[in-house]
Amino acid sequence: MIYGDKNTGIVVTGATGKQGAFHISLINEYARQVGGRGVVAGVSPGKGGQEVSGVPVYNSIRDALKEQDASAAIVFVPAFAAGDSIMEAAAAGLSLVVAITEHIPVHDSMQAISYAKLNDCAVIGPNCPGLLSPGEVKMGIMPVHLSSRGHIGVISRSGTLTYEIVDQLTRAGLGQSTIVGIGGDPVIGQTFTDVLRRFEEDDQTRAVVLIGEVGGALEEEGARSTDLPIAAYIAGVSAPPEKRMGHAGAIIEGGEGDARSKIERLKAMEVPVASRPSDIPALIRKLI
Amino acid sequence: MKLLEYEAKAILAEHGIPVPRGSVIRSPEELAGRIGDLPPGFVLKAQVDVGGRGKAGGILMADRTNGEKIAGELFKTTIKGIPVREILVEERLAITHEYYASIAVDRSSKQALILFTESGGVDIETLAREKPDAIRKASLPLLLNRIPPFMLRNLLGSAPKELGPVIQNLYAVFLARDALLAEINPLVTTPGGPFAADAKLIIDDNALNRQGITQNRDLTERERAAEQHGFSYVELAGTIGVIGNGAGLTMATLDLIEYYHGKAANFLDVGGGADQERVMHAVRLVASDPTVKVIVVNLLGGITRCDDVARGIISAGIAQPVIVRLAGTNEEEGRKILDGRGYRMLDSMEEAVRAAVEAVQ
């Protein structure tokens, strides 16, 4: 397992919001199914003493940790306060923060990620679906019924596209060890390279799918950094240059980071690249 | 959002960076009223958001006798398809040397990346390709509120020390304005000191609210509606309307349409947590484009609940055929709602896209 397992206790910030409350119940439903601990505390300043989806709510992460044993946080708070929430989790000594929130100003993300690093806290996201180790732990918003337990690692900059590809893998009988949505923003905490390093030390994982997008060069950096067998899919081949297609991450910047040249660079490293999501299972089969 | 040159320069000036004396005119007649305040020779710079503006004829020299005529001609032109509505009239500088300085968000290091070169006034991408050693770089974590002096010394090398405060102030602009890019090109030296001869400032769209900036782009009616609903929407040239949730899945849907030799009419990402009303507005918006012959809705539930989506599609009540692919949270409920109401529900995105491409052939 990477990042967490059944024994990981989770704190959710922004717990009393609509999304926070909804996903606490889904995460804990999964935890009950697999016999894990799941979310042990919610945090919403000023709402301490309440209960949400059967979980006690505290005013701060520090207060929550006085009564509950947890090592990870999931952030659902609105964009303007999400950077603060990431730093609060890092300062409280948690080793992992999964930031689901989208539209966080990029300077806030950069500061929060730098601050978390000083506190030896890994940040997944922001603007991500979190992670799921089938049969072990869910820390985020991924739908669990598409996944199955197995030996394929998945790392993705996308949210829903990840579910699509996990579904394809499951239908092809290729179960997953851990699925990590690293986020669609230009600046994110854990990159392909960081997650691949964890997969290298993971007994469960035999091959990894990289799901990338137009923009930046994180996919190539990751591919270059690892000896693990990997296959990739890059979204945005049909995206016209200089057009914004959704996330801030998915902008083509003056030719660099466009999907076709990214695919060319990956192929030059002998990484098989799928032209359709449905081609991924066949590419993975060849690797294992 | 990219600011216009004069907007960027006003912000630089607020932070103590010297900029040329100038003012903005919106008609040639305005120039006549200010001619007395101008130096004998000046520059007319079209305020349009395009690269290579100078080469495209957007920057013209003028003097007091021909200024109004030249401004009149510039107002009648379009620069790379963009009409000229505003002109920045600026003093001509006695330039001794041109430099380049920029501070940008760097995805790889997750820090601010400062670039400086003594070969300014050129296209930085070209220089990076041809003479990478001419560009000096420094990475700065945003936890620091000033550039450390050693870093400035390393950046400047043998360049004049008077440029140091300009770069320091540019970092102050970068921080204060939530910039993705703050660039001065060229940064020039003159007998009267350094000046930002041209400036580019791109503000993080996710920070426009706290920066008190409202976007005033030229939008089509549909683009404006999309913005109001918070959809990411881009119009394209084809006939297949596309609605997805999540940028990656929506892009992959467009890519698959291209793979099957179809042409998408648009990209519309409803975003996370789309409820019934948002989906209804999305379907209506895409259907209101007369070139759209068929709509593919490709939604995988995460935060999005499929039952909400199904109700949204039904309540849109549009004329074009809708091909639906739904999976994820509350998937079964979503299917039940759509069942037997004449919507084509397919199991995979592959099938949905192929059905849409076939429908328009």
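Residues numbered from 1 in each chain as written. Chains lettered and ligands numbered in written order. Predicted model: local features only at pLDDT ≥ 70, side-chain atom pairs only at ≥ 80, totals over all residues. Heavy atoms only, no water.

### Considerations on the interface of chain A and chain B
Listed by partner, the interface residues are 64 residues for chain A and 52 residues for chain B. For the pair chain A and chain B, the summed buried surface comes to about 4400 Å²; carbon and sulfur atoms form 57% of the total. Among the ionic pairs, D194 of chain A bridges to K110 of chain B, the shortest N-O distance being 3.9 Å. In this assembly, chain A and chain B are joined by 16 residue pairs in polar contact (both at pLDDT 80 or more). (Contact = heavy atoms within 4.5 Å. Buried area = accessible area lost by both parts, 1.4 Å probe. Salt bridge = Lys/Arg side-chain N within 4 Å of Asp/Glu carboxyl O. Polar contact = N/O pair within 3.5 Å; in protein donor to acceptor, adjacent residues only side chain to side chain.)

### Things to note about unusual backbone geometry
Each neighbour pair has its own omega, and for G125 of chain A with P126 of chain A the value is 5°, a cis peptide bond. Looking at the secondary structure, you find P126 of chain A in the loop between β7 (122-124) and β8 (130-133). Note the cis peptide between N185 of chain B and P186 of chain B, where omega equals 5°. Tracing the chain through its elements places P186 of chain B in strand β10 (residues 179-190). At E270 of chain A, a residue that is not glycine, the phi angle is positive and equals roughly 65°. In this structure, E270 of chain A sits in the loop between α8 (259-268) and β14 (273-274). Residue D178 of chain B is not a glycine yet carries a positive backbone phi of 50°. One can find D178 of chain B in the loop between α6 (163-176) and β10. (Helix = DSSP H or I, 4+ residues; strand = E, 2+ residues; numbered from the N terminus.)

### Concerning the packing of helix α7 (residues 218-225) of chain A against α8 of chain A
Residue and element names in this part refer to chain A. In the contact formed by α7 and α8, the axes pass within 10 Å of each other and the chain directions differ by 5°. Taken together, α7 and α8 sit at an angle that is classed as roughly parallel. Residues E219, E220 and A223 of α7 pack against K262, R265 and L266 of α8. Partitioning the contact of α7 with α8 into residue classes produces 2 nonpolar, no polar and 4 charged. (Axes fitted to C-alpha atoms, helices over the stretch in contact; angles between N-to-C directions. Parallel < 35°, antiparallel > 145°, perpendicular 65-115°, else oblique. Nonpolar A, V, L, I, M, F, W, Y, C, P; charged D, E, K, R; others polar.)

### What to know about the pattern of salt bridges
Residues and elements named next belong to chain A. Within this structure, the stated rule accounts for 34 salt bridges over all chains. For D69, the salt bridge goes to R37, with nearest N and O atoms at 3.6 Å. One end of the pair, D69, is in the loop between α2 (61-67) and β5 (72-75); the other, R37, is in the loop between α1 (18-34) and β2 (38-43), and 32 residues separate them in sequence. With a relative accessible area of 54%, D69 lands in the exposed category. We classify R37 as partly exposed; its relative accessible area is 33%. (Buried < 20%, exposed > 50% of the residue type's maximum accessible area, 1.4 Å probe, protein only.)

### A few points about the domain arrangement of chain B
Per the domain assignment, the segments making up chain B are domain 1 (21-91), domain 2 (97-211) and domain 3 (221-360). Computed over C-alpha atoms, the centres of domain 1 of chain B and domain 2 of chain B are 27 Å apart. (Domains from an automatic or database assignment.)

### A few points about the domain arrangement of chain A
All names here are of chain A. Parsing chain A into structural domains produces domain 1 (9-124) and domain 2 (142-287). Placing the centre of domain 1 and that of domain 2 at their C-alpha centroids yields a distance of 26 Å. The partner domain 2 presents 10 residues to the 9 residues of domain 1 that form the contact. Of all residues in domain 1, Y30, I113 and I124 bury the most surface against domain 2, accounting for 47% of the area lost on that side. At the level of elements, α4 (106-118) and β7 are the ones that each hand at least two residues to the side of domain 1 that touches domain 2.

### Re the sheet that holds strand β3 (residues 59-63) of chain B
Residue and element names in this part refer to chain B. Taken in spatial order, the 4 strands of this open sheet run β1-β6-β2-β3, and their pairing is antiparallel. Two strands bound the open sheet, and with one partner strand each, they are β1 (22-25) and β3. Neighbouring strand axes in the sheet, compared pairwise and without regard to direction, differ in orientation by 25° on average. In the sheet, β1 pairs with strand β6 (residues 87-91) via 4 bridges, with the strands oriented antiparallel. When the sheet's bridge partners are listed, S23 is paired in β6 with V89. Strands in contact with helix α1 (residues 5-14) are β1, β2 (41-46) and β6; relative to β6, the strand with the most contacts, it is inclined by about 50°. (Pairing = 2+ DSSP bridges.)

### Considering the packing of helix α8 (residues 221-229) of chain B against helix α10 (residues 276-287) of chain B
All names here are of chain B. Axis separation between α8 and α10 bottoms out at 11 Å; the angle between their running directions is 170°. The angle between α8 and α10 falls in the class roughly antiparallel. The residues of α10 that touch α8, namely those facing R222, A225, A226 and H229, are R278, H281 and L285.

### A few points about the side chain of T117 of chain B
All names here are of chain B. Here T117 shows up in strand β8 (residues 111-117). Exposure remark for T117: the relative accessible area of 1% places this residue in the buried category. A polar contact is formed between the side chain of T117 and the backbone oxygen of A134, at a distance of 3.0 Å. Non-local contacts of T117, meaning those with residues more than four positions away in its chain, are made with Y99, Y100, I124, L127, A134 and I135.

### A few points about the sheet that holds strand β11 (residues 176-181) of chain A
All names here are of chain A. Within the open sheet, the 7 strands sit side by side as β9-β8-β11-β10-β12-β13-β14. Their pairing is mixed. Where the open sheet ends on each side, the last strands, each with one partner, are β9 (137-140) and β14. Sheet topology note: the strand β13 (residues 230-235)/β14 ladder contains 2 bridges and is parallel. Its bridge partner being in β14, A232 is matched across the sheet by V273. Across the sheet, α1 is in contact with β8 and β9; its angle to β9 comes to roughly 165°.

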